[in-house]
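Reading the structure
Here is what each chain is made of, one letter per residue.
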Amino acid sequence: MHNSLRNRIAVSFIIITLVGMVILAVSITSISRNNFLNIYQERLVQESQLLAEVLAFRMSNAEPSPRMDQIARDYAASLGTRVTLIAVDGTVLGESDADRLTMDNHYYRPEIQAAFINGTGADTRYSDTIKQDLIYAATRVEWEGEVVGVARVALPYETFQGYLSQMTQVITALTAVIVVIFIGISIIISDNNARPIQEIAQKVEALDAGNFSYTIAHTRSKELQNLNKALNRMGEKFTAAIAAVNSEKNRLSTVLEQMADGALITNNLGTVDYINPAAIQILNTTQADSIGRTFAEVVRHHQIIDLWRKCQDTSEQQGALIETTGDQGRFLQVIITPFIELEQRGYLLILQDLTALRRLETIRRDFISNISHDLRTPISSMRLMTETLQNGAIDDPKAAARFLDLMEESIETMSQLVEELLELSRTQSGAVPMQINPVPLTTLLEPALEGLTPQAQRSNLALEYKVPRFMPMVMADTERIQAVVTNLLHNAIKFTPPGGSITLSASESEGCVVISIKDTGIGIPAEDARNIFDRFYKVDRARSTKGMGLGLSIAKTVVEEHGGRIWVESVEGKGSTFFFSLPTINSN
């Protein structure tokens, strides 16, 4: 057993050493190769740039000729590289190391393409012309702002490979020496540590099996004597303590884990010791990101942190109603209670999420306020006109007819409000199911456009239709989507001054069709754009314009029921563009 443990430790060290050194050697070799190759390529690029500057004028009107070959050979001798001069169409103008007449067009060589696009290019590959691997670098040649060709230089790859081989041999030899040294060290370390580890392992195995009476009488390792004594004492205390602790822990854990309210426990220093699932969900965190972290890191809200500090300073229970901000803004009842456990002070944080109740209360209050405001005007108008008619205006046929028309308009306003409320209720409750079928896009857009064209003309607005002829069919409830398009077009007409334009367009995008209505109207302030699809929300806070603010809310519900989404992009004073998407018949 002793030898087996020692051997396992030694083999583990040896394997780790071998694998580590091999990985290190391969990594160093690979990195060195890439670094030196980059150095070679950078040098060649610089030389090609020098040629491009020197030969720009000569190449501006040059033709393939022996004279250009001689120029290439002269510079090749000076630079110690192969030089090739290439025209804009890829024709070789001059070559230092090969017969230019036997060389094909170089336009599609990788380094030539890169030079034409980026100014410079480099590549390492086999040359069919001189039958060996070369490192290439090329630079675009320009004269008076016009590209006149490419200057290319090259070096044999075997020059670089020879230096790399020498470096690889040195790295391999050093790696072998280090491995041998580490093998010797591993054997010595494993032999020295196997004996005491064996004794400690026996004690731990006994504790794991529940044998807390097992003791270690003697150990040959002086360094581990204190640990052995502690293990012996621990074994004596475990039996009585574990039963009591487990019972209490199970009861408390069951209560905390099943609580709908969030619970979080910290010590006196503010380190989080416990957090239940409800608190994890409310604080948008995880168990791993909470336990052992500071209270401030976990809650991330200054009011809650200040409340905890006040509780710490006063040692009294603290509570407050706190509203958080952000995408998941919540309304929370926060209660922090101090406690003492094992002579250590701690703090219990309870989070009661009242967001749903708060939202329902807000919706109820806003609903009553908006309905009251939108009904007050037509009802007041009807009362006034009725009194006027009763006071004698009914005897004047012209006045009576005018008042009756106004009363009919007020009745129509109230009727529209009721209809929109019923439509919103039916849509959101699902009482009237969507009749979604494959529909041509024009069936959804053109009727709404034709119906509102006269209104746009009366308002002196240009109504443009820019929908491609061939668009995929979409999955839609024809009546509902036509109502959405009509509502968006009507809003665009209402909020665009005379002389403006409105454009209805569509495009295909990743399994859906995106319809857009763009106007050159008054636009929407940035602070209102995020709420524009809420029920009863109107940019006109005084609610002096016609409409109840339900149209866009209904449109959003209808589009989302189709599996699409609706959004707006707007610049105040310059106009707005409303978008909504519908899935095509081929989408998932």
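Residues numbered from 1 in each chain as written. Predicted model: local features only at pLDDT ≥ 70, side-chain atom pairs only at ≥ 80, totals over all residues. Heavy atoms only, no water.

**Description of the overall build of the protein chain**
- Of the regular secondary structure elements, the protein chain holds 15 helices and 17 strands.
- Counting every position in the protein chain, which comprises 588 residues, the buried fraction comes to 39%.
- A fraction of 57% describes how many contacts in the protein chain between residues 6 or more apart in sequence connect residues 24 or more apart.
- When the accessible area of the protein chain is evaluated, it comes to approximately 34000 Å², of which 55% is carbon and sulfur surface. (Helix = DSSP H or I, 4+ residues; strand = E, 2+ residues; numbered from the N terminus. Buried < 20%, exposed > 50% of the residue type's maximum accessible area, 1.4 Å probe, protein only. Contact = heavy atoms within 4.5 Å. Areas by Shrake-Rupley, 256 points an atom, 1.4 Å probe, with all protein chains shown as cover.)

**Observations regarding the sheet that holds strand E12 (residues 462-466)**
- One open sheet holds the 5 strands; their spatial order is E12-E14-E15-E17-E16, and the pairing between them is mixed. This sheet does not close on itself; its edge strands, each paired only once, are E12 and strand E16 (566-571). Strand-to-strand twist across the sheet, computed as the mean angle between neighbouring axes with direction ignored, equals 15 degrees.
- Bridge analysis of strand E15 (residues 512-519) against strand E17 (residues 575-583) gives 7 bridges, and the strand direction is antiparallel. Within the sheet, the bridge partner assigned to valine 513 lies in E17 and is leucine 582.
- Taken strand by strand, helix H13 (residues 478-494) contacts E12, strand E14 (501-509), E15 and E17, and its axis lies near 175 degrees from that of E17. (Pairing = 2+ DSSP bridges. Axes fitted to C-alpha atoms, helices over the stretch in contact; angles between N-to-C directions.)

**Overview of the packing of H13 against helix H15 (residues 551-561)**
- Packing of H13 against H15 brings their axes to within 10 Å, and their N-to-C directions diverge by 145 degrees. Handedness of the crossing formed by H13 with H15: left-handed. Residues Arg480, Ile481, Val484, Asn487, Leu488 and Asn491 of H13 form the contact with H15, whose participating residues are Gly551, Leu552, Ala555, Val558 and Val559.
- In the contact of H13 with H15, the residues fall into 7 nonpolar, 3 polar and 1 charged. (Left-handed = near helix turned anticlockwise from the far one by under 90°. Nonpolar A, V, L, I, M, F, W, Y, C, P; charged D, E, K, R; others polar.)

**What to know about a nonpolar patch on the surface**
- The grouping of Phe13, Val177, Ile181, Ile185 and Ile189 at the surface amounts to a nonpolar patch, some 410 Å² of accessible area in total.
- Examining the composition of the nonpolar patch, we find that 4 residues originate from one element, helix H5 (residues 157-208), more than from any other. (Patch = residues over 30% accessible without salt bridge, like charges linked within 9 Å, V, L, I, M, F, W, Y side chains within 5 Å. Salt bridge = Lys/Arg side-chain N within 4 Å of Asp/Glu carboxyl O.)

**What about the sheet that holds strand E5 (residues 146-156)?**
- The 5 strands are arranged E2-E1-E5-E4-E3 in an open sheet whose pairing can be described as antiparallel. Only two strands of the sheet have a single neighbouring strand rather than two, namely strand E2 (92-95) and strand E3 (120-127). The mean inter-strand angle of the sheet, taken between neighbouring strand axes irrespective of direction, is 20 degrees.
- Bridging between strand E4 (residues 132-143) and E5 involves 10 bridges; their strand directions are antiparallel. When the bridges of E5 are listed, alanine 138 appears paired with arginine 152.
- Docked against the sheet, helix H4 (residues 110-118) engages strand E1 (82-87), E3, E4 and E5, running at close to 175 degrees with respect to E3.

**Looking at the nonpolar core**
- Counting residues in hydrophobic clusters, the biggest one holds 41 residues, and the most contacted among them are Leu441, Ile515, Ile517 and Phe580.
- Looking at this core, the elements that each hand over two or more residues are helix H12 (441-458), strand E13 (474-476), H13, E14, E15, H15, E16 and E17.
- Excluding anything up to four places from it in sequence, isoleucine 517 contacts Leu488, Leu489, Ala492, Ile502, Thr503, Leu504, Ser576, Thr577, Phe578 and Phe580.
- Among the nonpolar cores identified, the runner-up in size contains 26 residues, and Ala62, Ile71, Ala72 and Leu155 belong to it. (Core = buried A, V, L, I, M, F, W, Y, C linked by side-chain atoms within 4.5 Å.)

**Describing the environment of asparagine 61**
- Mapped onto the secondary structure, asparagine 61 falls in the loop between helix H2 (56-60) and helix H3 (66-79).
- Residue classification places asparagine 61 among the exposed positions, given a relative accessible area of 59%.
- Counting along the chain gives 87 residues from asparagine 61 to valine 148, while the straight-line C-alpha distance between them is 8.1 Å.

**A short note on the pattern of salt bridges**
- For the structure shown, the criterion picks out 11 salt bridges.
- The shortest N-O distance in the salt bridge between aspartate 69 and arginine 100 comes to 3.1 Å. Of this pair, aspartate 69 sits in helix H3 while arginine 100 is found in the loop between E2 and H4, placing the two residues 31 residues apart along the sequence.
- Among the residues examined, arginine 100 registers a relative accessible area of 11% and is labelled buried.
- Across the pair lysine 466 and glutamate 464 runs a salt bridge, and its minimum N-O distance is 3.5 Å.
- A single network of salt bridges, built from pairs that share partners, joins Glu111, Asp123, Arg125 and Arg152.

**So, the pairing of E14**
- Looking at chain direction, E12 and E14 are connected through 5 bridges and run parallel. By the bridge assignment for E14, glutamate 464 is matched with threonine 503.
- In terms of strand pairing, E14 meets E15 through 8 bridges, oriented antiparallel. Its bridge partner being in E15, serine 509 is matched across the sheet by cysteine 512.
- Linking E14 to E15, which pair antiparallel, is a turn of 2 residues; within it glutamate 510 sits at a positive phi near 50 degrees.

**Things to note about the side chain of arginine 125**
- Summarising the element assignment, arginine 125 is placed in strand E3.
- Within the structure, arginine 125 has its side chain in polar contact with the side chain of aspartate 123 (distance 3.3 Å).
- Filtering out sequence-adjacent residues up to four positions away, arginine 125 remains in contact with Arg109, Pro110, Glu111, Gln132, Asp133, Leu134, Tyr136 and Arg152. (Polar contact = N/O pair within 3.5 Å; in protein donor to acceptor, adjacent residues only side chain to side chain.)

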